[in-house]
Every structure is written in structure tokens, then in C-alpha cells.
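Now for the letters of each chain:
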Amino acid sequence: MNNCFVNGMRALVVPVAALTFSMGQAAQAQELSIATGGTGGVYFPYGGGLAEVINNHVEGASASAEVTGASVENVALISRFDSDLALALADTVYQAFHGEGAFEGRQVDELRALASIYPNAVQIVTLADSGISSIEDLRGKRVSVGAPGSGTEVSAQTLLAANGITYDDFEPQRLNFNETADALRDGDIDAGFWSVGPPTSSIMNLATTRSISLVELTTDQIAAAIDAEPTFAPYTLREGMYDGMAEPVLTISTPNVLIVHADMDEELAYNITKAMFENVDELIAIHPAANDTTVDFTVDSTPIPFHPGALRYLEEVGATAQDHQRP
């Protein structure tokens, strides 16, 4: 065979092989991990819904939701690049970004937000015959303050401390949502804190087997909490939200923030933000908390800078970010 012909064939084969490899690489979707929370709260189903939105509407990316210890752990997962996206309470995110509170001495200023997605309401649940009707009645009782490393515990501590109650005043138990519901059902604790988008399945399930009561906060207690934590806001749990809940209950809420690392690719951040807002009906079908996943709620509530990709989308749809929300 002519050597020129053979060499020519080799010259053709190499680019074709390289092209095939390149196409194979392009066909592989980028795998994204979404850090959520326990299975008894809203984070896990919401994160699963977000994963489906990404899978269906963000070209070149696929996502899955991961069970975690929620807000505080999720911040650490983002900072270590162990998760790509995460859900976390605004107070936890704010403290981490500024190196305050639980994050004093270990600032995580590389956090960025894609959006605020819905408010978490602090729900203090007890059995109807417990005799507990105010947070003052928690003194001397066995109280679940949320899972270790969770935003629920951060919110519980802040609310109670702002109103003169510390862990020395009761027996704290650090249980996740399902464990808290089970412990209330079995009489192992007297009350429990949830900081979660209402209604939540673990309280709903508890209310079908036991008569429950939700502890209402006074306006003075709410004002004291907001003085201590500016990301708090008043919130009313509507009547009938849970079985046996005959009247609305006044409490506080904290926005939930979808966070990423500052190093996330700008185009990816843009595409995820766009897909989420423009397909929010798919999230609402998973959980009604997503009714609050709006551009207005996002720019009103997000306590840290947006990722440039998210900011680009928000500005495209006419939103105006606040000064502290700009990178």
C-alpha cells in the first residue's frame, strides 16, 4: 500500500477519534447535588422538585436531592464543594456570610444566593392537654429544639434567648422533625420546635393521631426576636392548617435561601434560576410552600449577595436588587 495513502488515512482517523471523544464528553450531563434536610420537612421534597426542574429544563445538567442535617450543615457542604446547591434559613446564611453568631471565627463569605424560595414559620407544637400555652411555660419541660446543626435550633435559640429563656431553663432535646413528632406522640417530650414551611408532613401526621396545640407568640415576644435577628418577620399560621387547629396562630418566620458557592459557573447559575422561576408550577405541584417562590419575595427577603448569574436573570425580568444583594 502506498505510504502516502496510509499516512493520509492516519491523519483522518485521529481527528474523527478526537471528535467522538469530545461528543461523548458533551453528552455527559453535569451532576449536581442539592443539600436539603430531613425527610419530615419541606426541604427534601422541595429539593427533589428542584432537581426535577433542573433535569427537565437545564440543558447539560442533572441533579439529585440529598438528605442532610439542614441549614448549618448545608452551609458547610457548599463551602467545601461537597454540594452544588443547598437550602438554608436566612438567619443561618446571614450569620455564615458575616462570620457572626454560630459562625463567629469561621466566616463563609463565599456564599451566594440564587433566590429566596419560601418563608419558614417557627411552629412550637405540644399536645393539647400539656398545659403549655406560651414560651414561658417551656421552663422546666422537655423540649426538642431541632436536629443538631439545623436552622431550627438556631431559630429556637435566638427566639428564646431574646425573651430571656436559655437551655438552662428546660431540658433540651436535639431531634429532627420526625423524631420530634414521634417523641411528642409517645410522651417522651413536652413540646417541640419546627422551623419549616407550613404545613409540614410530620406535624400533619402527628395531628391525625394526637390532639395538638400550637404555641402562640405575643407581639412583644416577636418584637424582641426581630430586635435580636432582623431576618425574622411576623407570620400567621392559618386556622385549619392542621387537624384541630381552630384559630390562627401568630408566630415568626424566616426566609429560606437557595445558596451556591461564588465559584459556580455564571451560565449554570443563570440557567438554574431561570428554570426555577419559569417552571414554578412544577414545584407547587410538589409542595404548596413553592407558592412563595417568586421574584418579588426573592428581592424582598434575600440577606446576602446574589450570584452574578442569578442577578442577571432577576434584572432581565425587571427586578431591582438591594445594595447588600449585589456581589
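Residues numbered from 1 in each chain as written. Predicted model: local features only at pLDDT ≥ 70, side-chain atom pairs only at ≥ 80, totals over all residues. Heavy atoms only, no water.

Novice: Could you give me a rundown of the pattern of salt bridges, with the residues and numbers involved?
Specialist: All told, the structure shown has 10 salt bridges when counted by the stated rule. Two residues, Glu 267 and Arg 312, come together in a salt bridge whose shortest N-O distance is 2.9 Å. Of this pair, Glu 267 sits in helix α9 (residues 266–278) while Arg 312 sits in helix α12 (residues 308–316), and the two are 45 residues apart along the sequence. Judged by relative accessible area, which is 40%, Glu 267 ranks as partly exposed. Taken together, the salt bridges that share partners define one network made up of Glu 136, Arg 139 and Asp 169. (Salt bridge = Lys/Arg side-chain N within 4 Å of Asp/Glu carboxyl O. Helix = DSSP H or I, 4+ residues; strand = E, 2+ residues; numbered from the N terminus. Buried < 20%, exposed > 50% of the residue type's maximum accessible area, 1.4 Å probe, protein only.)

Novice: Could you give an account of the packing of aromatic side chains, naming the residues involved and the relevant values?
Specialist: Enumeration over the complete set of coordinates arrives at 5 aromatic pairs. Centroid distance Tyr 167 to Phe 170: 5.6 Å. Interplanar angle 70 degrees. Geometry classified as edge-to-face. Ring centres 6.3 Å apart and planes at 15 degrees place the aromatic pair Phe 177 and Trp 194 in the stacked group. With a gap of 17 residues between them, Phe 177 in helix α6 (residues 177–186) and Trp 194 in strand β7 (residues 191–196) connect regions that are remote in the sequence. Accessibility assignment for this pair places Phe 177 and Trp 194 in one class, buried. Aromatic rings pair up to connect Tyr 270, Phe 277 and Tyr 313 into one cluster. Cation over ring: Arg 312 sits above Tyr 270, and NZ or CZ is 4.1 Å from the ring centre. (Phe/Tyr/Trp six-rings, centres within 6.5 Å; stacked < 30°, edge-to-face > 60°. Lys NZ or Arg CZ within 6 Å of the ring centre and 35° of its normal.)

Novice: I'd love a proper account of the packing of helix α4 (residues 90–98) against helix α5 (residues 151–162), names of residues and values included.
Specialist: Contact geometry for α4 and α5: axes closest at 9 Å, N-to-C directions at 90 degrees. In terms of their interaxial angle, α4 and α5 are classed as roughly perpendicular. Between α4 and α5, the contacting residues are Asp 91, Thr 92 and Gln 95 on the first element and Gly 151, Val 154 and Ser 155 on the second. For the contact of α4 with α5, a count of residues per class yields 1 nonpolar, 4 polar and 1 charged. (Axes fitted to C-alpha atoms, helices over the stretch in contact; angles between N-to-C directions. Parallel < 35°, antiparallel > 145°, perpendicular 65-115°, else oblique. Contact = heavy atoms within 4.5 Å. Nonpolar A, V, L, I, M, F, W, Y, C, P; charged D, E, K, R; others polar.)

Novice: Go over the environment of Thr 92 with me, naming the residues and quoting the values.
Specialist: With respect to the helices, strands and loops of the structure, Thr 92 is situated in helix α4. Each C-alpha atom of the pair Thr 92 and Val 257 lies 9.6 Å from the other, and the pair is 165 residues apart in sequence.

Novice: Please provide a residue-by-residue account of the layout of surface pockets, values included.
Specialist: Of the volumes computed, that of the largest pocket is approximately 260 Å³. Taken together, 27 residues make up the lining of the largest pocket; nearest its centre are Gly 37, Gly 38, Ala 70, Ser 150 and Phe 177. Those elements that provide at least two residues to the lining of the largest pocket are β4 (111–127), α5, α6 and β7. (1 Å grid on protein atoms, 1.4 Å probe; cavity = no way out; pocket = protein on both sides within 12 Å on 5 of 7 lines; lining within 4 Å. Points joined across faces, edges and corners; volume = space filled by probe spheres on them.)

Novice: Tell me about the environment of Asp 169, residues and numbers included.
Specialist: For Asp 169, the position within the fold is in the loop between α5 and β6 (171–173). You can call Asp 169 partly exposed: its relative accessible area is 23%. Taking the C-alpha atoms as reference points, Asp 169 and Leu 138, 31 residues apart in sequence, are found 8.0 Å from one another. For Asp 169, the residues in contact, after removing those within four places along its chain, are Leu 138, Arg 139, Gly 140 and Gly 164.

Novice: Which residues make up the side chain of Ser 155, and what values do they have?
Specialist: Considering the arrangement of structural elements, one finds Ser 155 in helix α5. On the basis of relative accessibility, which here comes to 1%, the residue Ser 155 falls in the buried class. In contact with Ser 155, other than residues within four places in its own chain, are Leu 89, Asp 91, Val 122, Ser 195, Phe 232 and Thr 254.

Novice: Can you explain unusual backbone geometry? Please cite residues and give values.
Specialist: Omega for the peptide link from Pro 198 to Pro 199 comes to -5 degrees, which places this bond in the cis form. The backbone of Ala 70 shows a phi angle near 80 degrees, a positive value even though the residue is not glycine. Relative to the assigned elements, Ala 70 resides in the loop between β2 (61–66) and α3 (71–79). By relative accessible area, Ala 70 is classed as buried at 14%. Unusually for a residue other than glycine, Phe 81 sits at a positive phi of about 65 degrees. Here Phe 81 is to be found in the loop between α3 and β3 (85–89). Owing to a relative accessible area of 52%, Phe 81 belongs among the exposed residues under this scheme.

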